[in-house]
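# Architecture at a glance
Residue strings, one per chain:
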Amino acid sequence: MIEVEQLSKTYQVADKTPGFVGTFNHFFRRKTRDVQAVRDVSFTIERGEMVGFLGANGAGKTTTLKMLCGLIHPSAGKVHVAGYLPQRRQAAFLKQITLVMGQKQQLIWDLPPLDSLSVNAAVYGIGEKEARYRINELAEMLEIGEELTRPVRKLSLGQRMKAELLAALLHRPSVLFLDEPTLGLDVNAQARVRSFLADYNRRTGATVLLTSHYMADITALCSRVLLIHQGELIHDGALDALAASLSPFRQVRLELNSSASPEDFVGYGELEALDDRAVRLLVSRSELTVVVARLLANFDVLDLEVNDPPIDELIGSLFRKGRVV
Amino acid sequence: MKIAGLSWPVVRALLVSQHANMVQYRAEIALWALSGVLPFIMLSLWSQSDAGASFGFKGVGLARYYLSAFMVRQFSVVWVVFAFEEDALLGRLSPFLLQPLHPLWRYVAAHVAERVTRFPFSVGIAAIFFLLYPTSFWLPSLGQFLLAFLAILLAFSINFLLQSLIAALCFWSEKASALERLLLIPYLYCSGWLVPLAAFPDAARTASFWTPFPYLIDFPARVLAGLPVDLVAGFAAQLFWLTLLLPLVLMAWRAGVRRYTAMGA
């Protein structure tokens, strides 16, 4: 459904030093430099897949999404979405896709969402009866009702996001590009949007590419993730595999029958935390079975749990360190 | 049939929603209508002298000219460059570009809807004008009205295309509206909004007729006021400018969209 081959995007940006001299020089001798926002990115996404797109701010996620939906032209490389070249923005292509950007809106600010929805229905050639049916169906899935008759400016952020999603999906697109769809929403609203997206994907078989700063969005919706760092794709695969590649350790949590001291755990891995009888260790994946056997043999263990470290912590540390896998 | 995504259901939906939107701004629109009374100020200045006669206007001709200039301006004023610039900078243009409808149609619909909302205010101001200058009252014949309607429609279209051409420069420069302000001076002087072109020296008047500006106010105002005017030459000039500007706008738009960086979006 989505084929991307060696996709690149280079922007030309003007540099200006601060102060009067900088302003003078900027006016008469403007210096520009090329910034490569996306470099040689390649991947394919099959029909019906939900894929998470991860990366720090400025990593190139949104630029890639904009190229995939045809909003901006690539500097190099090839893109095919649903069999079309996105940058041509043919009507048949535009009817198959949608782009939702958190905190950006297409709804008319001073009017109820229903007014904007009637324009969208007409633009996409959906008859009045069919439009009413689709609005009711999506409104039910999104748990939104009388808000559709209130001016957009009077809606809460969560209600507005739901109305934006309804507007973006009215034409039943088969490819969804979602850029931070839960940005700024409270925890309950985030959960409702997530559950809606999962439901929509299940019902329609739509292909979804989702960027989010909230790992909960990615872990709840996407089994596959793309990780982009400084414009380069550095991981394409299962979320679990990303955790394994980011961290060679697994987290072992113990609850002991009696108190222990840090010295007791020398030689068992890295002691992350010790709170009386609760212990948290980081153990090398290759030594995990041996270490767990030794822990069970040498301590009076009430409970034992082995986990991957939380993915958001791993990715966060990756971005902070500027590490590339 | 669809023209750049436009069909009858789209026209209807756009006009209904844009009219509802404009009604929300009725107080602002009333003020805009009121701010267009410059021709009346000019009339009050000229009426202190025998300027009307020296410009070739007989009797109440000058008063009718200025009222017509006011009405023409009310229904041909365009602000697409400002709206477009704001939408491009704030990222609101992006969703429009991703729908199977040329974004310029939305601005056309907004202007048409604004005219409908503005209509009662403009008529109210004209009524006050007639109370102040009762001798200048007239009602154009049906034929005169239809010709004036066509001339105003063409004037609006030329104005819209001129501004759309400048708006397309937003793809290159973030502040294209500054260029629009450059056009204000020749517009003020060459359109006939400040002073009828009949008042210009021959050379200046001839030079003005080589620009699109006289066909934005002077020509349609003369048609509406029933003043002597060369209809064939006027309509031919309006069609010439339309034919010239339309492909330029479409070319600039196509080239601009290739450069679009979706900033702010």
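Above this text sits the structure in question.
Scope of this entry: the structure provided in the associated data block. The structure presented is a predicted model; accordingly, all values stated were derived computationally and were not measured. (Residues numbered from 1 in each chain as written. Chains lettered and ligands numbered in written order. Predicted model: local features only at pLDDT ≥ 70, side-chain atom pairs only at ≥ 80, totals over all residues. Heavy atoms only, no water.)

### Examining the overall build of chain B
- What chain B contains, in helices and strands, is 13 helices and zero strands.
- Against the globule reference of 18 Å for 265 residues, chain B gives a C-alpha radius of gyration of 19 Å, in line with a compact fold.
- A principal-axis box enclosing the C-alpha atoms of chain B has dimensions of 60 × 40 × 35 Å.
- Partitioning the contacts of chain B with sequence separation of at least 6, the portion at a separation of at least 24 is 79%.
- Per element, the accessible surface of chain B, about 12,400 Å² overall, is 73% carbon and sulfur.
- With 17 positive and 11 negative side-chain charges, chain B shows a spacing of 8 Å between the two charge centroids. (Helix = DSSP H or I, 4+ residues; strand = E, 2+ residues; numbered from the N terminus. Rg over C-alpha atoms; globule rule 2.2 N^0.38 Å. Contact = heavy atoms within 4.5 Å. Areas by Shrake-Rupley, 256 points an atom, 1.4 Å probe, with all protein chains shown as cover. Lys, Arg positive; Asp, Glu negative; His and termini not counted. Charge placed at Lys NZ, Arg CZ, Asp CG, Glu CD.)

### Thoughts on the sheet that holds strand β7 (residues 207-211) of chain A
Residue and element names in this part refer to chain A.
- Strand order in the open sheet made by the six strands is β5-β6-β7-β3-β8-β9, with mixed pairing throughout. Each edge of the open sheet carries a strand with a single partner, namely β5 (97-101) and β9 (232-238). With strand direction ignored, the average angle separating the axes of adjacent strands in the sheet is 15 degrees.
- Pairing of strand β3 (residues 50-54) with strand β8 (residues 224-229), which is carried by four bridges, proceeds in the parallel orientation. Across the sheet, the residue bridging to phenylalanine 53 is leucine 226, located in β8.
- Seen against the sheet, helix α2 (residues 61-69) touches β3, β5, β6 (175-179), β7 and β8 and runs at an angle of roughly 155 degrees to β6. (Pairing = 2+ DSSP bridges. Axes fitted to C-alpha atoms, helices over the stretch in contact; angles between N-to-C directions.)

### With respect to the packing of helix α9 (residues 142-168) of chain B against helix α13 (residues 231-259) of chain B
Residue and element names in this part refer to chain B.
- Following both chains from N to C, one finds α9 and α13 inclined at 25 degrees, their axes separated by 9 Å at the closest point. One element, α9, and the other, α13, form an angle in the roughly parallel class. Note that α9 runs across α13; the crossing there is left-handed. Along its contact with α9, which presents Leu147, Leu150, Ala151, Leu154, Ala155, Ser157, Ile158, Leu161, Leu162, Ser164, Leu165 and Ala168, the element α13 presents Leu231, Phe235, Gln238, Leu239, Trp241, Leu242, Leu245, Leu246, Leu248, Val249, Ala252 and Trp253.
- For the contact of α9 with α13, the residue count by class is 21 nonpolar, three polar and no charged. (Parallel < 35°, antiparallel > 145°, perpendicular 65-115°, else oblique. Left-handed = near helix turned anticlockwise from the far one by under 90°. Nonpolar A, V, L, I, M, F, W, Y, C, P; charged D, E, K, R; others polar.)

### Observations concerning the pairing of strand β1 (residues 2-15) of chain A
- In terms of strand pairing, β1 of chain A meets strand β2 (residues 31-45) of chain A through eleven bridges, oriented antiparallel. Looking across to β2 of chain A, one finds that alanine 14 of chain A is bridged to threonine 32 of chain A.

### Regarding the interface of chain A and chain B
- On the side of chain B, 27 residues touch chain A, which itself brings 29 residues to the contact.
- Considering only the surface of chain A that becomes buried against chain B, Leu71, His73 and Val123 of chain A emerge as the three largest contributors, covering 23% of it.
- Here chain A is connected to chain B by one salt bridge.
- Here arginine 12 of chain B and glutamate 128 of chain A are joined by a salt bridge, their closest N and O atoms 3.2 Å apart.
- At the boundary of chain A and chain B, one finds six residue pairs in polar contact (both at pLDDT 80 or more).
- Looking at the side of chain A that touches chain B, the elements with two or more residues in it are α2, α3 (91-94), β5 and α4 (113-123) of chain A. (Buried area = accessible area lost by both parts, 1.4 Å probe. Salt bridge = Lys/Arg side-chain N within 4 Å of Asp/Glu carboxyl O. Polar contact = N/O pair within 3.5 Å; in protein donor to acceptor, adjacent residues only side chain to side chain.)

### Describing the sheet that holds strand β4 (residues 76-81) of chain A
All names here are of chain A.
- Overall, antiparallel pairing links the three strands, which are arranged β2-β1-β4 in an open sheet. Every interior strand has two partners, whereas the edge strands, β2 and β4, have only one. Taking each pair of neighbouring strands and ignoring which way they run, the sheet shows an average axis angle of 30 degrees.

### Focus on a nonpolar patch on the surface
- On the surface, Leu142, Phe145, Leu146, Phe149, Leu150 and Leu153 of chain B cluster together into a nonpolar patch covering about 610 Å² of accessible area.
- Relative to the elements of secondary structure, phenylalanine 149 of chain B occurs in helix α9. (Patch = residues over 30% accessible without salt bridge, like charges linked within 9 Å, V, L, I, M, F, W, Y side chains within 5 Å.)

### Details of helix α10 (residues 177-190) of chain B
Residue and element names in this part refer to chain B.
- For α10, which comprises 14 residues, the first-to-last C-alpha distance of 20 Å matches the rise-based estimate of 20 Å (1.5 Å per residue) to within 8%.
- When we look at burial in α10, the residues that qualify are Ser177, Glu180, Tyr187, Leu188 and Cys190.
- Those residues of α10 that are buried lie in contact with α3 (38-46), α5 (61-76), α6 (80-90), α9 and α11 (202-208).
- Glycine 192 lies just past α10 and shows a positive phi near 95 degrees. (Expected span 1.5 Å × (residues − 1). Buried < 20%, exposed > 50% of the residue type's maximum accessible area, 1.4 Å probe, protein only.)

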